[in-house]
Amino acid sequence: MIRFLILILVSWLLMLLPAAMFLHRILQAEHFELLWGSMVLAPVVAWLAWQAISMPLPKVRFVVLQWLAVSYALGIALLLTAPLLWSSLSSTVLSVVTLALWMLTYFYGLYSALVPSVNRINLQSEKLSRRWRIVQISDVHVGSRSAEFLQKVVAQVKLQEPDLVLITGDLVDGSDVSSDDLRALAGLPEATYMVTGNHERYIDMERVLRDVEVHGVKVLRNQAVEHQELRLIGLDDEEPIDQVAQQLDLLNPAPHMFNILLYHKPDGWQQAMAHGVSLMLSGHTHGGQMWPFGYAVKRRHPQYQGLYSQRNQHLYVNQGTGTWGPIFRLGTRGEITVFELGPRDNAD
């Protein structure tokens, strides 16, 4: 019941209130019937949203979640134009400005979600004797995103000509995602490894992982494998905050090798460093995905996006290649990360 009440509040604030305020502004209404009407509609919209999210109806789910994105963009436009209410602009001009900002915000957010950027990170280590190009993708969210989006991501990854591809969880988030939806994975290099994320745990994880492996991706579940001078350690996403420490105690990273830890959440970096991990790769946070949610995410995960380094040991938190929920980002960008690893320059 409490969750549904929260959903009612969120539905009103993000899906109904902006439209009511915009209509109130356009119509120059003297009273607040539109705002009261939006509150009355909130339980109905919340119930529809709950059904759309929880049931395997992709088209309905897409419409509801994109409505959320469109309404959110309108809310941002109303916020940005609020100071103009005290200017000499006419109501018509103000409405046109608001509409233009609304469209600009929405299509910019859509572009940021549809077209991941390629971010390049250069790292050196005395444990490496040759150069390596490693591509990380994370949080693709097939289910919230389409099989066609996965195909585009794979095509972009292949253009980087990587030695390895590493997938740090939340590849799939829909129970209705089939093996055929994942067939694009077969186009990735042979040396492609994946770990689970929290969203795989929320669905039929064993079936999904079998489907992933059918297409050639190796799933590391609390396992370590050696790839020449690299040691890849993949951990299952779990709730205990000390999951990294527990598993690394069992897996014993090799101190003479370049240890790469794959763990979905950016938790346990200090423990990873203590166990000799050279590079930890995570995702999960989406960088907040939409402003201002990044502030809340950062309170839970202080290392919530980008590169963090201490004593030649590194953590990288990918902002997410795809999106969860609406296909929309604001203040963040979908990301494919390319790591250029190489031996340390003697001049250093």
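Description of the structure in this document. Here the residue index of a chain counts from 1 through its sequence in written order. With the structure being a predicted model, the display of local features is reserved for residues of pLDDT at least 70 and the display and counting of side-chain atom pairs for 80 or more, all residues being used for whole-chain, interface and lining totals. Only hydrogens and water are set aside; all other atoms, that is, all heavy atoms of the structure, feed into the side-chain values.

## Digging into the overall build of the chain
Inference 1: Helix and strand content of the chain: 10 helices and 12 strands.
Inference 2: For this measure, only C-alpha atoms enter the radius of gyration; the expected value for a globule follows 2.2 Å times N^0.38, where N is the number of residues. For 348 residues, the compact-globule formula gives about 20 Å, and the C-alpha radius of gyration of the chain, at 23 Å, lands near that figure.
Inference 3: Once the C-alpha set of the chain is aligned to its principal axes, its extents read approximately 75 × 45 × 35 Å.
Inference 4: Looking at the chain as a whole, 53% of its 348 residues are labelled buried.
Inference 5: Residues are treated as being in contact if the distance between any of their heavy atoms lies within 4.5 Å. In the chain, once contacts between residues fewer than 6 apart in sequence are set aside, the share between residues at least 24 apart is 74%.
Inference 6: For the chain, the exposed area adds up to about 16,600 Å²; of that, 62% sits on carbon and sulfur atoms.
Inference 7: For the chain, the distance from the average position of its 27 positive side-chain charges to the average position of its 31 negative side-chain charges is 4 Å. A run of H or I in DSSP becomes a helix once it reaches four residues, and a run of E becomes a strand once it reaches two; helices and strands are each numbered from the N terminus. Remark: exposure states derive from per-residue accessible area (1.4 Å probe, protein chains only) relative to the maximum for the residue type, with buried under 20%, exposed over 50%, and partly exposed in between. Areas reported as accessible are Shrake-Rupley estimates using a 1.4 Å probe. Residue values count occlusion only from the protein chains shown. Lys and Arg are tallied as positive, Asp and Glu as negative. Neither His nor the chain termini are counted. In plain terms, the charge of a residue is placed at NZ if it is Lys, CZ if Arg, CG if Asp and CD if Glu.

## Observations concerning the sheet that holds strand S12 (residues 335–343)
In a beta sheet, neighbouring strands pair by backbone hydrogen bonds and run either parallel or antiparallel.
Inference 1: The six strands are arranged S1-S12-S2-S3-S4-S5 in an open sheet whose pairing can be described as mixed. This sheet does not close on itself; its edge strands, each paired only once, are strand S1 (117–125) and strand S5 (218–219).
Inference 2: At least two DSSP bridges between two strands are needed for those strands to be called paired. Here strand S3 (residues 164–168) runs beside strand S4 (residues 192–195); their pairing, made up of four bridges, is parallel. The residue bridging Val165 from the neighbouring strand is Thr192, located in S4.

## With respect to the sheet that holds strand S11 (residues 313–317)
Inference 1: In space, the six strands of this open sheet follow the order S6-S7-S8-S9-S11-S10, with mixed pairing throughout. The open sheet has two edge strands, strand S6 (223–227) and strand S10 (306–310), and neither has a second partner. Strand-to-strand twist across the sheet, computed as the mean angle between neighbouring axes with direction ignored, equals 15°.
Inference 2: Summarising the sheet, strand S7 (residues 230–234) and strand S8 (residues 258–262) pair through five bridges and their orientation is parallel. In the strand pairing of S8, Arg231 is matched with Asn259.
Inference 3: Here, axes are lines fitted to C-alpha atoms. For helices the fit covers the stretch in contact, and angles between N-to-C directions go from 0 to 180 degrees. Strands in contact with helix H8 (residues 243–251) are S6, S7 and S8; relative to S7, the strand with the most contacts, it is inclined by about 135°.

## So, helix H4 (residues 91–114)
Inference 1: One fewer than the residue count of a helix, multiplied by 1.5 Å, yields its expected span. Its 24 residues place the ends of H4 34 Å apart at the C-alpha level, agreeing with the 34 Å of an ideal helix rising 1.5 Å per residue.
Inference 2: Listing the buried residues of H4 in full gives Leu94, Ser95, Thr98, Trp102, Thr105, Tyr106, Gly109, Leu110, Ser112 and Ala113.

## Some remarks on the side chain of Ser95
Inference 1: Here Ser95 shows up in helix H4.
Inference 2: The exposure class of Ser95 is buried, given its relative accessible area of 12%.
Inference 3: Residue contacts for Ser95: discarding those within four places in its chain leaves Phe22, Arg25 and Ile26.

## Describing the side chain of Ser112
Inference 1: If you trace the backbone, Ser112 turns up in helix H4.
Inference 2: When residues no more than four places from it in sequence are discounted, the contact partners of Ser112 are Arg329, Thr332, Arg333 and Gly334.

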